[in-house]
Amino acid sequence: MAESNDSIPLDTEKIYMGGKEHHVRTRCGSVSVIVYGDQDKPPLITYPDLALNHMSCFQGLFFCPEAASLLLHNFCIYHISPPGHELGAAPICPSVSAHCVDDLADQILEVLNFFGLGAVMCMGVTAGAYILTLFAMKYRERVLGLILISPLCRAPSWTEWFYNKVMSNLLYFYGMCGLLKEFLLQRYFSKEVRGNAEVPESDIVQACRRLLDERHGSNVMRFLQAINRRPDLSSGLKRLRCRTLIFVGDNSPFHSEALYMTSKLDRRFSALVEVQACGSMVTEEQPHAMLIPMEYFFMGYGLYRPCQLSDSPRSPLSPSCISPELLSPESMGLKLKPIKTRVSLEV
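If you're wondering where the values come from, they're calculated on a predicted model, not measured in any experiment.

Thresholds applied
Residues numbered from 1 in each chain as written. Predicted model: local features only at pLDDT ≥ 70, side-chain atom pairs only at ≥ 80, totals over all residues. Heavy atoms only, no water. Helix = DSSP H or I, 4+ residues; strand = E, 2+ residues; numbered from the N terminus. Buried < 20%, exposed > 50% of the residue type's maximum accessible area, 1.4 Å probe, protein only. Contact = heavy atoms within 4.5 Å. Patch = residues over 30% accessible without salt bridge, like charges linked within 9 Å, V, L, I, M, F, W, Y side chains within 5 Å. Areas by Shrake-Rupley, 256 points an atom, 1.4 Å probe, with all protein chains shown as cover. Salt bridge = Lys/Arg side-chain N within 4 Å of Asp/Glu carboxyl O. UniProt positions renumbered as here; feature names shortened; annotations may be inferred.

Student: Please provide a residue-by-residue account of the environment of Ile149, values included.
Tutor: In this structure, Ile149 sits in strand β7 (residues 143–149). Judged by relative accessible area, Ile149 falls into the buried class, the value being 0%. Considered as a pair, Ile149 and Val248 are 99 residues apart in the sequence and their alpha carbons are 5.7 Å apart. Setting aside residues no more than four positions away along its own chain, Ile149 makes contact with Met123, Gly124, Val125, Thr126, Ala129, Phe247, Ser280, Val282, Thr283 and Met290.

Structural data, given as structure tokens:
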């Protein structure tokens, strides 16, 4: 596929733990893409939630040996960051026009064209899941499948709209202040890992808090404003024909949104996994809970985990924990069914 004339690499030598960073110039500005793995393999693109990038949103999943083996064995990973969210990002110039969600979806198309990619597997978290769903609706032929974590599909409710406006005002006047970070951590994580007066917050929350310190408030505000003006995608979901696997923590503030989205998707092509005692970011809080459902999801594409890493005792899920419906011959092909998965708190 021909490269876009407006898409050129600015720095292809920066290495992040085995991945190579590319800055792809698009009509709506530069986009950071970090590529891991063999580019001859099928592509899987990721898109993080608000104020996050691949390090703070997908590191837990890719540091989980079994999940990393499954993904890197079958895919080349392309981590796409929202504008100004990449590691070491400078503040976006105020004169640069604000982006809408359609602009962000169109940027993904330019990234795919730059790398010469055809149809891709997509994985996104919350706001990133919305952007990838919009991309799949606009460019159906470019999406093989969707793995969505705590996704959004409706326009913001009044409650969410007001909450986002409060965060926008904090970002405008105070930047990435302590209160703003607390709002974001509540968005991402369950209270079990956020801690309280008696129990310290977990390592993953502390790590996320440190990574949030590196974000520029003005860049985060741009993404937040785009998401707060997002249109409702509900009417188009039934027309999606790519297979869709949805994960959501039952303590996520977007739990009802994930259930609603599942109800609007064609049940022949979609499945839902609910994870107990988990917030929105299943990729960080309970990454092992994603392993077995993803394995069976990928079987529908003829993709498998390396045989030397068969059933791992480290995974809190085993086939017996999965609804028999997901293991049916139908689900190996096109007909994934809604399921509910519970992960033991004691694991």
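Student: I'd like a rundown of a nonpolar patch on the surface, residues and numbers included.
Tutor: A contiguous nonpolar patch, built from Trp158, Trp161 and Phe162 and spanning about 440 Å² of accessible area, is present on the exposed surface. With respect to the helices, strands and loops of the structure, Trp158 is situated in helix α6 (residues 158–174).

Student: Which residues make up the environment of Ile204, and what values go with them?
Tutor: Topologically, Ile204 is positioned in helix α9 (residues 203–212). Once residues within four sequence positions are removed from consideration, Ile204 is found in contact with Phe189, Glu284 and Glu285.

Student: Hey, could you go over the UniProt feature "transmembrane region" (unreviewed entry) in the chain for me, with residue numbers and the actual values?
Tutor: Using the residue numbers shown here, the UniProt feature "transmembrane region" (unreviewed entry) corresponds to residues 114–136. The span residues 114–136 shows a helical share of 52% and a strand share of 26%, and its end C-alpha atoms are spaced 18 Å apart.

Student: Tell me about unusual backbone geometry, and please be specific about residues and values.
Tutor: Here Ala51, not a glycine, exhibits a phi torsion of approximately 70 degrees, which is positive. Structurally, Ala51 can be placed in the loop between β4 (43–47) and α1 (54–57). Of the residues examined, Ala51 reaches a relative accessible area of 0% and is grouped as buried. Positive phi, close to 50 degrees, is recorded for Thr126, a residue that is not glycine. Among the secondary structure elements, Thr126 is positioned in the loop between β6 (120–125) and α5 (127–138).

Student: Can you explain the environment of Val248? Please cite residues and give values.
Tutor: Positionally, Val248 belongs in strand β8 (residues 243–249). The exposure class assigned to Val248 is buried, which follows from its relative accessible area of 0%. In this structure, the C-alpha to C-alpha distance between Val248 and Pro151, residues 97 residues apart in sequence, is 7.9 Å. The residues touching Val248, leaving out its near neighbours within four places in the chain, are Ser150, Phe254, His255, Ala258, Leu272, Val273, Glu274, Val275 and Val282.

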